[in-house]
Amino acid sequence: MLQNNKQVSSGEIYDVIGIGIGPFNLGLAALLDGIDELKALFIESKTHFHWHEGMLIDGTTLQVPFMADLVTMIDPTSPYSFLNYLKEQGRLYSFYFFEKFHIPRKEYNHYCQWAASKLNSCQFGQTVVDITLAWQDGKSVYEVTVVENESGNRCAYLARDIVVGIGTTPHMPSSVQNIASDTIFHSSRYMERSGHCKKSSSITVVGSGQSAAEIFYDLLKSQREFGYELSWMTRSRGFFPMEYSKLGLEHFSPDYSTYFYGLPKASKDKILDSQHLLYKGISAVTIADIYDELYHLTACGAGKEISMLPLTKVQEIQVGKSRGSVDGIGMENDENHVRHTLSCLQWEQEKPFQHKSEVVILATGYKYNVPAFLKGIHHTIKWDEQGRYEVAENYRLQMVEDTLPSNRIYVQNGELHTHGIGAPDLGLGAYRNAVIINDLLGRTKYAIGSRNVFQRFGVQ
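Residues numbered from 1 in each chain as written. Predicted model: local features only at pLDDT ≥ 70, side-chain atom pairs only at ≥ 80, totals over all residues. Heavy atoms only, no water.

### Some details on the sheet that holds strand E12 (residues 312-318)
Whenever strands of a sheet pair, they do so through backbone hydrogen bonds, lying parallel or antiparallel.
In step 1: Ordered in space as E12-E13-E14, the 3 strands form an open sheet in which the pairing is antiparallel. On the outer flanks of this sheet lie E12 and strand E14 (351-357), each paired with one strand and no other. Each strand axis lies, on average, 25° off the axis of its neighbour in the sheet, ignoring direction.
In step 2: Bridge count between strand E13 (residues 340-346) and E14: 7 bridges; the pairing is antiparallel. Looking across to E14, one finds that Ser343 is bridged to Gln354. (Pairing = 2+ DSSP bridges. Helix = DSSP H or I, 4+ residues; strand = E, 2+ residues; numbered from the N terminus. Axes fitted to C-alpha atoms, helices over the stretch in contact; angles between N-to-C directions.)

Put into C-alpha cells, the structure is as follows:
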C-alpha cells in the first residue's frame, strides 16, 4: 500500500517526467514547451538524440509525409515544426523545389536533433534504473533514480506523473540470440557493420519488411563492385508492397484508434494479425528500385549469384566453416571464408534445405519490452493475461485499486494491443501527445477533431 512507502525530503517536484527521448517523447517535450502549468523533465540514456542510427542508409526516406513531424498534426504553428527547421537551416526553398512529401531519413534525424538542442527539458546521458512510490509533504510522488553514464553517480528526481517512451528493441529469434556476432546480427546494426559485410564472400538477408528491403537494395547496388553472393529469404508468401492507398492510410488516424480501442478485447490480436501489410510490407518505390537494379545487374548475362526466396523459414543457424561443398541453392563455398549454415524449410512445399552464408543479417523486427525500472511499482499496474499493460483510451496505464491515489503513468508506443496499428506510427505521435497533455492539465489545451477521415469504421 502507498502509505508504507518511504518519505522523501523536500525538493523540486516535476509535474511530469518522460523516460526515453525518441520521436514520441521528444514531440511531447516540444508540445509542452511554453505551457507554464506543467514543469517537465525528459531523460535519455544516449548522449544525444539518435534515431535508428543503424538504418540511416543513404537515399532512404521516411515512410510517412514530412507533416508527421513532432508537432504539425496538432500544432502547425509550433516553432518546432519541420518547416521551421528548414527555415532555420536555409533549406526552405530547396524543399519547396524538392516537391516530395517523403523526406530523407537522415534529415528527419537531424531535425529531431535540432529540436532536442532547443528544449531545456531534455536531458541526455542518464539512465533510469528504478522508480518507486514515495511521500513528500503528505502527497504521493514517484522517485525516479538515474545513473549518470559518464560518472556512474546516482541521483533521484521526483515527479507527480510519468510518461514511458523507451520505444521498442530489436527482436532476435530465440534460435540465434546466443550466437549473435559481427557476422550474424540484427538489421539495427547494419550501418555499423555494412563496410565489413561488403568485404565478405556471401551475405544473406532474412526478413520481408522495409528494413530488409532497404538493406538488400543497398547491398545490391554494391554487388558489382565487391562481388559477393547475395540472398534474401523470408517466411512470408512474397516480397509484397505495403498498403499505401489513400483510404488504406486512413487506418492511421485518431478515428481508427478510437474504433479499435472500443472493440472486444478477444478480437484485437486477431485483427492485428490480419493487418500486416498495413505496416509491415515494403514501399512500392523500394520494390521498383530493387527490380530495376536486378534487371541492370543481370543484363547481358552479367551479375553474380542473386537469390530471393519467399516461403522460407530459417529454423536454425549453425556457426562453422564449410570447405568445398555446394549449398542448397547452388552456391559454391570458398574455403578461405567461414560460412554459417542456415537450416531452412520451404514451408509450402514442406521441403528442408541448407544454405551457407558468411554474413547473416536478421531484419526480424522490433518488440516492446516492459522496462526493468518499473519493477519497484510493478504491483501497482494492471496487466493482461499475456503480461502486457492494461491501457486506458487516454494512454494512461490502468492501475490496481487502492495502490495509488492520483499519480499517473502514460505509455508511448507500448499500446499496439489496445489501440491498434497506429501505435508506432509517427503520424499519430502528435495526436497521442495532445491526448496526454490534455489529460495532464485536466482541460483541453489541444483540440482533437472527432471526424478526421472520410470513412466511418464502426456503427452506432
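Next comes the rest of the description.
### Some thoughts on the sheet that holds strand E11 (residues 306-309)
In step 1: Spatial strand order, E8-E15-E9-E10-E11: 5 strands in an open sheet with parallel pairing. The open sheet has two free edges, formed respectively by strand E8 (184-186) and E11, since each of these has just one partner strand. Between one strand and the next, the sheet's axes are offset by a mean angle of 15°, whatever the strand orientation.
In step 2: Sitting on the sheet, helix H5 (residues 190-197) touches E8, strand E9 (202-206) and strand E15 (359-362), and the angle it makes with E8 is about 150°. (Contact = heavy atoms within 4.5 Å.)

### Focus on the packing of helix H6 (residues 210-226) against helix H11 (residues 284-298)
In step 1: Two elements in contact, H6 and H11, have axes whose closest approach is 10 Å; the angle formed by their N-to-C orientations is 25°. For the element pair H6 / H11, the angle class is roughly parallel. As for how H6 packs across H11, the hand of that crossing is left-handed. Every residue of H11 that contacts H6 at Gln210, Ala213, Glu214, Phe216, Tyr217, Leu220, Lys221, Gln223 and Arg224 is listed here: Thr286, Asp289, Ile290, Glu293, Leu294, His296 and Leu297.
In step 2: For the contact of H6 with H11, a count of residues per class yields 7 nonpolar, 4 polar and 5 charged. (Parallel < 35°, antiparallel > 145°, perpendicular 65-115°, else oblique. Left-handed = near helix turned anticlockwise from the far one by under 90°. Nonpolar A, V, L, I, M, F, W, Y, C, P; charged D, E, K, R; others polar.)

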